[in-house]
Protein chains: 2
Amino acid sequence: MKPSVGWIGTGVMGESMARHLLSEGYPMGIYTRTPAKAEPLLKDGAEWFENPRALARHHDVIISIVGYPHDVEEIYRGESGVLSCPAEERQCQIAIDMTTSRPSLAASLYQEGSQQGLSFLDAPVSGGDVGAKNGSLSIMVGGAEETFHKVAPIFEVLGGQIKFQGAAGSGQHTKMVNQTIIASTMIGMCEGLIYANRSGLNPEVVLESVSGGAAGSWSLTNLAPRILRGDMDPGFFVEHFVKDMEIALQECERMGIQLQGLTLAKELYEAVIQSGGGKLGTQALFDAVDSMSRRDSVE
Amino acid sequence: MKPSVGWIGTGVMGESMARHLLSEGYPMGIYTRTPAKAEPLLKDGAEWFENPRALARHHDVIISIVGYPHDVEEIYRGESGVLSCPAEERQCQIAIDMTTSRPSLAASLYQEGSQQGLSFLDAPVSGGDVGAKNGSLSIMVGGAEETFHKVAPIFEVLGGQIKFQGAAGSGQHTKMVNQTIIASTMIGMCEGLIYANRSGLNPEVVLESVSGGAAGSWSLTNLAPRILRGDMDPGFFVEHFVKDMEIALQECERMGIQLQGLTLAKELYEAVIQSGGGKLGTQALFDAVDSMSRRDSVE
């Protein structure tokens, strides 16, 4: 029999992911901060619960995917959080946080959970709305390896590339690597398109020359065409990416290293937010880099 | 009958490319600054000529692929250069420079050539030693479109993705876009690996999680594994990449724009050269970024 899942968070990613589990026959309870957002899943057979504690009381596994580390803290440590449920009343023995969040928070939730008989996995994902929809996410997992193997069938419903990365926090660290790589890759893509525009080339024909070779990247293939169409709709929100880069930079500070590309990317993305683009897709970096390239040349 | 080709430059790229044409039956003469480097091709049936002028006198098409813009100038404008051959004695009516060089030099060679009945194409390539070896290069072409069509069969022997990008210099501008994109992508890759190392992850397992998703790139797939093996052998020389970034930044200055990612990449790559790594492959950026990340944190 499939374990029952208490699902928390029904945003762009969470809703698609929860639906995959529902359609695979996993019994599911739902709690989410904005109840209206849970309705499509309730219609598909999920049951509403009033808070994370109630979910933990009645389900085998908790899965959370929300916005920010403070949301994660509220879900687990809050007054009605998962950890507020006395161990003897709690059916749930495994909790999986799939939010991109602080590695140190993941490590401390793992510790706190262990003391109460709850095995906590950090399992952030990469692959965006499309990966969530077609179940092809990359899932990067930290925590107890034994627990990872127990819930592997759940991960296999949600993702295509599933890797155990090590002790608690390692999933989050791996996601930070992912975001660090993307940060400067986005700068390169935007600067290349700006150069193409300014030098009088046809950027669409340029992309045909450069996308398949040594300059090629997921960003160039998937986001550059959106930029050329002026389509800044979010696959991944600017404000969430800035949150991720902030976490990565805080971790770098803790580790005693400075990453100049990541620092530059965060500054450029903050300019996107300052000009009101926090809810745009990450490809909106183009406009900020474009303005910046002109502003600096005037100074 | 296939046109005869006067080939100039037998470096890492040039030798493989010339051999493809030879084995397709193109009659070939060769000149190169270091005669010993031409020997393998002479054994394969090419004929030695004493300078670019002599090549131009006896061949239908000149193709050059050398190191730096000043080498290109010497080949075309030098005392024994292609343009020193009087038009009435010159069999050659088309010259193709495949060196990555200055767009403005390409435009002026096009002008000078036109006045003497020589149609000049700029046609730099991307795809590295591997692309040259297996004939899968991306070729980005600027100049007269009519000339491009005339020599298309030659390009098809050398490359897989062949695009006419516009007026003289447009091939070089497209290559600058390519290099600008790569520059920051390389920073992102190196910083991601540094983060992975410092946070105690196993970088090889991390690559399995991140290479196939939104952080994916040609660099990550092809160069990150070399970095992890400590293999800094050149697919593409650091010193050539720095030359390309210098050209791109000079063009940016001319166009009145500043690209911060490209500027940062050039600084970081200059640190590689300063520590003696000019003849290493571009993946040697890793060591420079790694040192820099520690140095800055001490200051």
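Trainee: What should I look at first to understand the overall build of chain A in this one?
Mentor: Summing up its helical and strand segments, chain A has 14 helices and nine strands in all. Projected onto its principal axes, the C-alpha coordinates of chain A cover approximately 70 × 45 × 35 Å. Buried positions account for 60% of the 299 residues belonging to chain A. Partitioning the intrachain contacts of chain A with sequence separation of at least 6 by distance along the chain shows that 67% fall at a separation of at least 24. As displayed, chain A offers around 11,400 Å² of accessible surface, 48% of which is attributable to carbon and sulfur atoms.

Trainee: Help me out: how do you make sense of the packing of helix α8 (residues 170-198) of chain A against helix α9 (residues 203-210) of chain B in this one?
Mentor: The geometry of a pair of packed helices is captured by two quantities: the angle between their axes and the separation between those axes. Between α8 of chain A and α9 of chain B, the least distance of the axes is 10 Å, while the angle of their chain directions is 65 degrees. Crossing handedness for the pair α8 of chain A and α9 of chain B: right-handed. Of α9 of chain B, the residues touching α8 of chain A (which contributes Thr174, Val177, Asn178 and Ile181 of chain A) are Val206, Ser209 and Val210 of chain B. Taken together, the residues of the contact of α8 of chain A with α9 of chain B break down into four nonpolar, three polar and no charged.

Trainee: I keep staring at the relation of the copies chain B and chain A and nothing clicks. Help me out?
Mentor: Note: a rotation about an axis with an accompanying shift along it relates these two copies of the chain. Structural alignment of chain B on chain A gives an RMSD of 0.0 Å, achieved by rotating through 180 degrees and translating 0.0 Å along the axis. One copy is carried onto the other by what is essentially a two-fold rotation axis. Both copies share a contact surface, since 100% of the interface residues of chain B are interface residues in chain A too.

Trainee: Where do I start with helix α4 (residues 69-77) of chain B in this structure?
Mentor: Every α-helical turn comprises 3.6 residues, leaving residues that sit three or four positions apart pointing alike. Residue and element names in this part refer to chain B. Turning to α4, its buried residues number three or more, namely Pro69, Asp71, Val72, Ile75 and Tyr76. What you see down the axis of α4 is that its buried residues fit within an arc of 155 degrees, all on one side. Opposite the buried face of α4, at more than 90 degrees from it, the exposed residues are His70 and Glu74.

Trainee: Is there a simple way to explain the pairing of strand β2 (residues 28-31) of chain B in this structure?
Mentor: In regular strands, side chains alternate between the two faces of the sheet. Burial along β2 of chain B is two-sided: Met28 and Ile30 of chain B and Gly29 and Tyr31 of chain B, pointing in opposite directions, are all buried. Since strand β1 (residues 5-8) of chain B and β2 of chain B lie parallel, the crossover through helix α1 (residues 12-23) of chain B that links them has a hand, and here it is right-handed.

Trainee: For this particular structure, what's the right way to read the nonpolar core?
Mentor: Side chains that are nonpolar tend, in soluble globular proteins, to be buried together. Residues Met189, Tyr269 and Leu285 of chain A together with Met189, Tyr269 and Leu285 of chain B are the most contacted members of the largest nonpolar core, which totals 94 residues. If sequence neighbours within four positions are ignored, Met189 of chain B has contacts with Ile181 of chain A together with Ser219, Leu220, Leu223, Ala224 and Ile227 of chain B. If you look at the next biggest cluster of nonpolar residues, it comprises 34 residues, including Ala18, Ile30, Ala38 and Val157 of chain B.

Trainee: Please explain the interface of chain B and chain A as it appears in this structure.
Mentor: Put simply, an interface is often sized by how much accessible area is lost when its parts join up. Residue-level contacts link 62 residues of chain B with 62 residues of chain A. Between chain B and chain A, roughly 5,200 Å² of surface is buried when both sides are summed, and carbon and sulfur atoms account for 62% of that area. If you sort the residues of chain B by the area they bury against chain A, Ile181, Tyr195 and Ala214 of chain B come out on top, with a joint share of 14%. Scanning the region where chain B abuts chain A turns up two salt bridges. Across the pair Lys163 of chain A and Glu208 of chain B runs a salt bridge, and its minimum N-O distance is 2.5 Å.

Trainee: Explanation requested: α1 of chain B in the structure shown.
Mentor: Residues and elements named next belong to chain B. For α1, which comprises 12 residues, the first-to-last C-alpha distance of 18 Å matches the rise-based estimate of 16 Å (1.5 Å per residue) to within 8%. Listed in full, the buried residues belonging to α1 are Met13, Gly14, Ser16, Met17, Ala18, Leu21 and Leu22. After α1 finishes, the residue Gly25 shows a positive phi value of roughly 90 degrees.

Trainee: For this particular structure, what's the right way to read the pattern of salt bridges?
Mentor: Opposite charge on two side chains makes pairing possible when the charged atoms of those side chains draw close. This model, assessed by the stated rule, comprises 30 salt bridges over all chains. The residue Asp71 of chain B makes a salt bridge to Arg33 of chain B at a minimum N-O spacing of 2.8 Å. On the criterion of sequence distance, the pair formed by Asp71 of chain B in helix α4 and Arg33 of chain B in the loop between β2 and α2 (39-43) is long-range, its members being 38 residues apart. Looking at Arg33 of chain B, the relative accessible area reads 65%, which means it is exposed. Taken together, the salt bridges that share partners define one network made up of Glu73, Arg77, Arg102 and Glu112 of chain A.

Trainee: Would you mind showing me how to read the side chain of Gln165 of chain A here?
Mentor: Mapped onto the secondary structure, Gln165 of chain A falls in strand β9 (residues 159-166). A distance of 2.8 Å separates a polar atom in the side chain of Gln165 of chain A from a polar atom in the side chain of Ser209 of chain B. Dropping the residues within four chain positions of it, Gln165 of chain A is found in contact with Met140, Val141, Ser170, Gly171 and Thr174 of chain A together with Leu201, Asn202, Val205, Val206 and Ser209 of chain B.

Trainee: Just checking my understanding: could you explain the environment of Gly131 of chain B for this structure?
Mentor: All names here are of chain B. Looking at where Gly131 falls in the secondary structure, it is placed in helix α6 (residues 128-133). The spatial distance from the C-alpha of Gly131 to the C-alpha of Met17 is 9.4 Å, given a sequence separation of 114 residues. Apart from residues lying up to four places away in sequence, Gly131 is in contact with Ser136 and Leu137.

Trainee: How do you make sense of the side chain of Ser184 of chain B when you look at a structure like this?
Mentor: With respect to the helices, strands and loops of the structure, Ser184 of chain B is situated in helix α8 (residues 170-198). Overall, the relative accessible area of 1% leaves Ser184 of chain B in the buried class. Not counting residues within four places of it along the chain, the set of residues in contact with Ser184 of chain B comprises Ser184, Thr185, Ile187, Gly188 and Glu191 of chain A together with Gly261 and Leu262 of chain B.

Trainee: I keep staring at the domain arrangement of chain A and nothing clicks. Help me out?
Mentor: Residues and elements named next belong to chain A. Its domain assignment divides chain A into domain 1 (5-166) and domain 2 (174-293). For domain 1 and domain 2, the distance between their C-alpha centres works out to 29 Å. Here domain 1 and domain 2 share an interface that buries about 1,100 Å² over both sides, 61% of which is from carbon and sulfur atoms. For domain 1, the biggest contributors to the area lost against domain 2 are Tyr68, Thr100 and Met140; these three give 39% of the whole. The interface formed by domain 1 and domain 2 contains zero salt bridges. At the level of elements, α5 (103-115) and β7 (125-126) are the ones that each hand at least two residues to the side of domain 1 that touches domain 2. By residue class, the composition of the side of domain 1 that touches domain 2 is six nonpolar, six polar and two charged.

Trainee: Before we go on, may I ask you to explain the packing of aromatic side chains in this structure?
Mentor: Each aromatic ring pair is summarised here by two numbers: the centre-to-centre distance and the angle between the ring planes. For the structure on display, the rule yields 12 aromatic pairs over all chains. Ring-pair connections join several aromatic residues into one group, and the members of that group are Phe148, Phe155 and Phe164 of chain A. Cation over ring: Lys243 of chain A sits above Tyr68 of chain A, and NZ or CZ is 5.8 Å from the ring centre. Positioned above the aromatic ring of Tyr26 of chain B is the side chain of Lys2 of chain B, whose terminal nitrogen or guanidinium carbon lies 5.6 Å from the ring centre.

Trainee: Got a minute to help me understand the state of the cysteines in this structure?
Mentor: Should the sulfur atoms of two cysteines be covalently bonded, the bond is a disulfide. Applying the stated criterion across every chain yields a total of zero disulfides over all chains. Residue Cys92 of chain A stays outside any disulfide, its sulfur separated by 8.7 Å from that of Cys85 of chain A, the closest cysteine. A relative accessible area of 0% places Cys92 of chain A in the buried class. Free of any disulfide, Cys252 of chain A has its nearest cysteine sulfur in Cys190 of chain B, 14 Å distant. Judged by its relative accessible area of 1%, Cys252 of chain A is buried.

Here is what the cut-offs are and how they apply
Note that residues are indexed from 1 along each chain, following the sequence as it is written. As a convention, the first chain written is A and the first ligand written is 1, with the rest following in written order. Restriction of local features to residues with pLDDT of at least 70 applies here, the model being predicted, together with a cutoff of 80 or more for giving and counting side-chain atom pairs; totals for whole chains, interfaces and linings are based on all residues. The side-chain numbers reported here are obtained from all heavy atoms of the structure, hydrogens and water having been left aside. Secondary structure elements follow DSSP: runs of H or I no shorter than four residues count as helices, runs of E no shorter than two count as strands, and numbering proceeds from the N terminus. Whether a residue is buried, partly exposed or exposed follows from its accessible area with a 1.4 Å probe, protein chains only, as a fraction of its type maximum: under 20%, in between, or over 50%, in that order. Here, two residues are considered to be in contact whenever any of their heavy atoms come within 4.5 Å of each other. All accessible areas in this document rest on Shrake-Rupley with a 1.4 Å probe, and a residue is counted as covered only by the protein chains that are shown. Under this scheme, a helix contributes an axis fitted over its contacting stretch, all axes are lines through C-alpha atoms, and angles between N-to-C directions fall in the 0 to 180 degree range. In this scheme the crossing of two helices becomes right-handed for a clockwise turn of the near helix relative to the far one and left-handed for an anticlockwise turn of less than a right angle. Gly counts as polar in this scheme, as do all residues outside two lists: the nonpolar Ala, Val, Leu, Ile, Met, Phe, Trp, Tyr, Cys and Pro, and the charged Asp, Glu, Lys and Arg. A least-squares superposition brings the copies together, and it is based on the C-alpha atoms of residues with pLDDT no lower than 70 in both. Directions pointing from the helix axis toward each C-beta atom define the arc. The definition of a right-handed crossover adopted here requires that, viewed with the strands pointing away, the path from the first strand over the helix to the second runs clockwise. As used here, the term nonpolar core means buried Ala, Val, Leu, Ile, Met, Phe, Trp, Tyr and Cys residues forming a set that is joined through side-chain atoms within 4.5 Å. We define buried area as the total accessible area lost by two parts upon association, computed with a 1.4 Å probe and summed across both. By definition, a salt bridge exists where a carboxyl oxygen of Asp or Glu is found within 4 Å of a side-chain nitrogen of Lys or Arg. In a helix, the anticipated span is given by 1.5 Å times the number of residues less one. We call two N or O atoms a polar contact when they sit within 3.5 Å, provided that within protein one can donate a hydrogen and the other can accept it, with sequence-adjacent residues counted only if both atoms are side-chain atoms. Residue ranges for the domains trace back to a domain assignment, done automatically or taken from a database. Two rings from Phe, Tyr or Trp (for Trp, the six-membered ring) form a pair when their centres are within 6.5 Å of each other. A pair whose planes differ by under 30 degrees is stacked, one over 60 is edge-to-face, and the rest are tilted. Here, a charge over a ring means that NZ of Lys or CZ of Arg falls within 6 Å of the ring centre while also lying within 35 degrees of the ring normal. Two cysteine sulfur atoms make up a disulfide if the distance between them is within 2.5 Å.

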